[in-house]
Amino acid sequence: MNASELAGRVRTGETRAVDVLEQHLRAIEECDGELHAFLTVLGDTARSEAREIDRRLGAGEDPGPLAGVPVAVKDNLCTRGVPTTCASRILEGWLPPYDATVVKRLRGAGAVVVGKTNLDEFAMGSSTENSAFGPTRNPHDPRRVPGGSSGGSAAAVAAGLVPIALGSDTGGSIRQPAALCGVVGLKPTYGTVSRYGLVAFASSLDQVGPFARTVADAATLFDVISGHDPLDSTSLERPNPLALARLEEGVDGMRVGVVVELLDGADASVVKRVHEAAEALAAAGANVEECSVPEVSYALPAYYLLAPAEASSNLARYDGVRYGLRVDASSAEAMNGATRAVGFGPEVKRRIMLGTYVLSAGYYDAYYGQAQKVRTLIIRAFARAYEQADVLLGATTPTTAFELGSKVDDPLAMYLSDVCTVPTNLAGHPAITVPFGVDDLALPVGVQLLAPALGETSMFQAAAVIEGAAPAGALPQICAPTIGAGPTSTRGER
Amino acid sequence: MSVEAWEPVVGLEVHCELKTATKLFCGCRNAFGDEPNTNICPVCLGLPGSLPVLNVKAVELAMFIGNALHCEIRPSLFHRKNYFYPDMPKDYQISQYDEPINVNGWLELPDGQRVGIVRAHMEEDTGKTSHMGGGGRIHDADHALVDYNRAGVPLVEIVSAPDIRSAAQARRYVEELRAILMAIRASDGRMEEGSLRVDANVSVRAGRTDELGTRCEVKNLNSLRSLARAIEHETERQVSLLEAGEPVLQQTRHWDEQAQKTVALRSKEEAFDYRYFPEPDLVLVAPGPDWQYQVALCLPPMPAERRAKLTELLGAGGPTAAQVDQVATVVALGLDTLVVEAASSGIEVPLALARTANEAAADADRAREVDRAAYGTLLRMEQEGMLTPTQAKAVLADLFENGGHPADIARRKGFEALGAGTVVAAVADVVSAHPEEWARYCQGEDKLVGFFTGLVMQATDKKANGKEVAAELRRLRG
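Note that this is a predicted model, so its numbers are computed, not measured. (Residues numbered from 1 in each chain as written. Chains lettered and ligands numbered in written order. Predicted model: local features only at pLDDT ≥ 70, side-chain atom pairs only at ≥ 80, totals over all residues. Heavy atoms only, no water.)

Caption draft 1: Just the overall build of chain A, in detail. When you go through chain A residue by residue, the secondary structure sums to 16 helices and 11 strands. The C-alpha atoms of chain A give a radius of gyration of 21 Å, which matches the 23 Å a tight globule of 494 residues would have. Oriented by its inertia axes, the alpha-carbon framework of chain A measures out at about 65 × 55 × 45 Å. Evaluated residue by residue, chain A yields a buried proportion of 64% over its 494 residues. Restricting to contacts in chain A with at least 6 residues of sequence separation, those with at least 24 account for 76%. By element, 52% of the accessible surface of chain A is carried by carbon and sulfur atoms, the whole surface being about 16200 Å². Taken as two groups, the 41 positive and 56 negative side-chain charges of chain A have centres that lie 4 Å from each other. (Helix = DSSP H or I, 4+ residues; strand = E, 2+ residues; numbered from the N terminus. Rg over C-alpha atoms; globule rule 2.2 N^0.38 Å. Buried < 20%, exposed > 50% of the residue type's maximum accessible area, 1.4 Å probe, protein only. Contact = heavy atoms within 4.5 Å. Areas by Shrake-Rupley, 256 points an atom, 1.4 Å probe, with all protein chains shown as cover. Lys, Arg positive; Asp, Glu negative; His and termini not counted. Charge placed at Lys NZ, Arg CZ, Asp CG, Glu CD.)

This is the structure we're talking about:
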């Protein structure tokens, strides 16, 4: 059952929040041993949150649009008094003294936080294999990765362990795993969702966003978590675009550009699905045309200079002095080195070194400076494209889910997994992935819609049309028996 | 060649802690001397996920500083200055780099010379590390304790041009800058508490060349005295190197207060690569014209203007050398309004100036808070002979300490005015008791005034006014 239906039943008293929660906790218990989507499951605190929702309903209050809806939160979002590890040894045992703004907003809308989900360490990776606590598996095929870095959230939603979840997207970390797991994933416009309490990877690119099994649920969750936050200086002060209220307005007359560069190098089965999605939009009245944004091909190299540069600075604070892991040594400097040597995994170290190099005296202009110029070029290129189109369409990922271990020793091959998602992060624009059928191996395929800054309203409208036209998918191999609402079966009922 | 043939070239970097109520990027209290680690939160501790939000009051004070130093105030950016240090919570400092808020200003010294201001930019302070156990020094300490109360306190770093040519001039520059910073209420000026911290860039050059020598940066200058001594020492050290035909190496040096010398900390090669890049968690700081106008409008009178005002009050003939110093003192301490207000109520300016520069200055914090009417009353009592200078000082000390009305304090202390004729009678008694000394005085031995005054003081229980005694002695001598 999806989030809106659950919240509806809880709000009308058809079912109690505590019963909804117990169902989902049971599903987690049954499935997560194999899936490993969760790093922490919050049985007791979730139960008391659910009881509070029921109490408020009994008292005639409305807890909000997510009343009693269990939600999973990526483990790089701070939760007060609950471990927040970023899937790193270096933060093992640290208990944040505060909640991220998005977590507060979830609770403010009546949601019940059931657990913290697995990720690539510090959100660096595309397969969730870089977690210090072991990989998450793809519910559609446990031999395959769920994508990353928000693999735990994507898998948990796909397997029906929770109807919705939060992730973070720096270069595709929501959309890529959503596509690989067959769920909806949104990266909102930079500045629409507060980053306060999101453990930073690359601050100028990071954005928190929803996972859901339906476009409507993603829209609901976006409406809940977005909005100005005075604790985040990069948070926009203007009103956010409405997602849910205008979801069903259709695409009649909407201009859609199919970006050829976002299909280059993608598997034939993926390309085919994108063209089918384009046809569905055209059939619904959109003006669909092919277009070219050549600059997006420079996005990946620019991203892999800028993101590590910011990461090298953001991750400096894990020095063993104040919190988390400390490996004692004879001096502060030696302690610092030893702590970081033991605490960080290889991919994190690789990016810290890369970023440190990129910012070093004598190299700054050639690398960081050039990459910033590329970023400006990409923003301009998108601006030109959006003179001709309201939304753009392309692949979310070049391939469907790949096998565990197949890319871990080849960082560049892994990085290429983000080639279609990175451009929007550099531009600060929103993008959404919607499941659209399967490939020859019955693995989910996602198609990606892109929009200009604050263009979420149109983007969601197009996403809803694509969702409605999507071919039937496959039921996940690992999924909650009692809930059973994999994204494909939901659509199958239509 | 001797030291005289060499000229020191000095540029100063002054770090000024801004007296805002809260820190630069969070709502924690900005206060000195609180229990360690009590004014901290996720933001100033740099906890994962926390984000900085710029304190508008700090920007405003930075703009005041820019205005007072005749700087151009520009849209500015924050950068991250990356280096590892345990008392820096994020292991980077948020600072302004190549786009600072204030550039291209100047500061005029009391003698009219100008020192260029290259920039005055905003940044956050670090915490404080205490090395414990062992010998208590960095190298033999058992462990270190870190207090993060100071982490995130707003600083403005004021960088002068290399326009300073002597230790004395460096001292005058810092004194004047401190007076300005206190005038605009940006700083409390307390060097001993670290509110103002000075680094000196020192090089030397032979006589009339325009070329600059290799410089050394001297750190740890915690007082005006150590600033001057360090520049003198560093100048001598560089001169003796050059005279011995050895090069000066570009270094960061530490002023060792006990040894009274500078010692090398690190060379140019060992200098940190700070890997500056724009702080992505903050946005451009671009004070609009309205805000800039407001600040310019609210700029209080500067020390130079206030010194001129006092000098003008002293009237024709100009101030004596002692009065020049007194004027500088009261303005530097922000006590000049005491003098101005007293003068406007009819007190003689030299008297008001002397009491303020000496007695009030010695207790400046309390003097700034003193009841202005009471202060004026006290000066009037002294001026009209109701109190002797000695008595007036005693009443003043009591007034600063406890407040109250000067007449009540004087009465409590038993400082009643002597009745008319008491001094005349006492002088007559003393003169007739010491005929020999009186004869010598009459023959012109003026210093005997002191002798007679002392005896009259004894006789009147120190209530006589020295000036009146002297006048009576002169009258009797005829």
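On we go from here.
Caption draft 2: Structural context of the overall build of chain B. Across its full length, chain B carries 16 helices and 14 strands. Per-residue burial over chain B gives 48% buried out of 478 residues. Across chain B, the fraction of contacts at a sequence separation of at least 24, relative to all contacts at a separation of at least 6, is 69%. Counting every atom, chain B has about 22200 Å² of accessible surface; 51% of that belongs to carbon and sulfur. Here chain B contributes 52 positive and 69 negative side-chain charges, whose respective centroids are spaced 2 Å apart.

Caption draft 3: Representation of the environment of Ala72 of chain A within the structure. Residues and elements named next belong to chain A. Within the secondary structure, Ala72 sits in strand S2 (residues 70-74). Ala72 sits in the buried class, given a relative accessible area of 0%. Along the primary structure Ala72 and Gly167 are separated by 95 residues, whereas in three dimensions their C-alpha atoms are 8.9 Å apart. Excluding residues that lie within four positions of it along the chain, Ala72 makes contacts with Phe38, Val114, Gly115, Thr117, Val162, Ile164, Ala165 and Leu166.

Caption draft 4: Focus on the side chain of Asn39 of chain B. By secondary structure assignment, the location of Asn39 of chain B is in the loop between strand S1 (6-17) and helix H1 (56-68). Ignoring anything within four residues of it in the chain, the contact list for Asn39 of chain B reads Lys23, Cys28, Arg29, Ala31, Asp34, Cys44, Tyr148 and Asn149 of chain B.

Caption draft 5: Local environment of the interface of chain B and chain A. At the junction of the two partners, chain B supplies 31 residues and chain A supplies 39 residues. Between chain B and chain A the total buried area reaches about 2600 Å² when both faces are included, carbon and sulfur atoms providing 57% of it. It is Pro48, Leu51 and Arg275 of chain B in chain B that bury the most area against chain A; as a group they hold 23% of the surface buried on that side. Applying the counting rule to chain B against chain A returns 2 salt bridges. Between Arg195 of chain A and Asp281 of chain B there is a salt bridge, with the nearest N and O atoms lying 3.1 Å from each other. Mapped onto the side of chain B that touches chain A, the elements with two or more residues apiece are strand S3 (79-82) and strand S14 (277-278) of chain B. Taken together, the residues of the side of chain B that touches chain A sort by class into 21 nonpolar, 4 polar and 6 charged. (Buried area = accessible area lost by both parts, 1.4 Å probe. Salt bridge = Lys/Arg side-chain N within 4 Å of Asp/Glu carboxyl O. Nonpolar A, V, L, I, M, F, W, Y, C, P; charged D, E, K, R; others polar.)

Caption draft 6: View of unusual backbone geometry. Following Gly148 of chain A, the chain continues into Ser149 of chain A via a peptide bond in cis, with omega recorded as 15 degrees. Structurally, Ser149 of chain A can be placed in the loop between strand S3 (112-117) and helix H5 (151-158). Positive phi values are uncommon outside glycine, yet His70 of chain B reaches one of about 55 degrees. On the basis of relative accessible area, His70 of chain B is assigned to the partly exposed category, the value being 38%. Despite not being glycine, Gln260 of chain B shows a phi value in the positive range, around 55 degrees. Along the chain, the position of Gln260 of chain B falls in the loop between strand S12 (251-256) and strand S13 (261-267).

Caption draft 7: Layout of the nonpolar core. Among the nonpolar cores identified, the biggest contains 224 residues, and Phe122 and Leu393 of chain A together with Tyr173 of chain B are the most heavily contacted of them. Looking at which element gives the most residues to this core, the answer is helix H9 (residues 299-314) of chain A, with 10 residues. Apart from the residues within four sequence positions on either side, Leu393 of chain A is in contact with Val256, Gly257, Val258, Val259, Val274, Ala277, Ala278, Leu281, Val447, Gln448, Leu449 and Ile466 of chain A. Membership of the second largest hydrophobic core comes to 35 residues, among which are Val330, Ala342, Leu379 and Leu387 of chain B. (Core = buried A, V, L, I, M, F, W, Y, C linked by side-chain atoms within 4.5 Å.)

Caption draft 8: Representation of the packing of helix H5 (residues 303-314) of chain B against helix H6 (residues 321-332) of chain B in the model. All names here are of chain B. Contact geometry for H5 and H6: axes closest at 10 Å, N-to-C directions at 135 degrees. The orientation of H5 with respect to H6, classified from their angle, is oblique. Note that H5 runs across H6; the crossing there is right-handed. Here Pro303, Arg306, Arg307, Leu310, Thr311 and Leu314 of H5 lie close against H6, whose contacting residues are Gln323, Val327, Ala328, Val330 and Val331. Across the contact of H5 with H6, the residue classes break down as 7 nonpolar, 2 polar and 2 charged. (Axes fitted to C-alpha atoms, helices over the stretch in contact; angles between N-to-C directions. Parallel < 35°, antiparallel > 145°, perpendicular 65-115°, else oblique. Left-handed = near helix turned anticlockwise from the far one by under 90°.)

Caption draft 9: Fine view of the packing of aromatic side chains. Per the stated rule, a full pass over the model turns up 26 aromatic pairs over all chains. Aromatic side chains Trp94 of chain A and Tyr323 of chain A sit 5.8 Å apart centroid to centroid with 40 degrees between the ring planes, which places their arrangement in the tilted category. Taken together, the residues Trp94 of chain A in the loop between S2 and helix H4 (101-108) and Tyr323 of chain A in the loop between H9 and helix H10 (332-343) connect sequence positions 229 residues apart. Arranged with centres 5.0 Å apart and planes meeting at 45 degrees, the rings of Phe122 of chain A and Tyr318 of chain A form a pair that is tilted. In this pair, Phe122 of chain A sits in the loop between S3 and H5 while Tyr318 of chain A sits in the loop between H9 and H10, placing the two residues 196 residues apart along the sequence. Overall, Tyr318 of chain A belongs to the buried group, its relative accessible area being 3%. The structure contains a cluster of three or more aromatic residues connected by ring pairs, namely Trp94, Phe122, Tyr318, Tyr323 and Phe344 of chain A. Positioned above the aromatic ring of Tyr274 of chain B, the side-chain terminus of Lys81 of chain B is 4.4 Å from the ring centre. Directly above the aromatic system of Tyr441 of chain B lies the positively charged group of Arg477 of chain B, at a separation of 4.1 Å from the ring centroid. (Phe/Tyr/Trp six-rings, centres within 6.5 Å; stacked < 30°, edge-to-face > 60°. Lys NZ or Arg CZ within 6 Å of the ring centre and 35° of its normal.)

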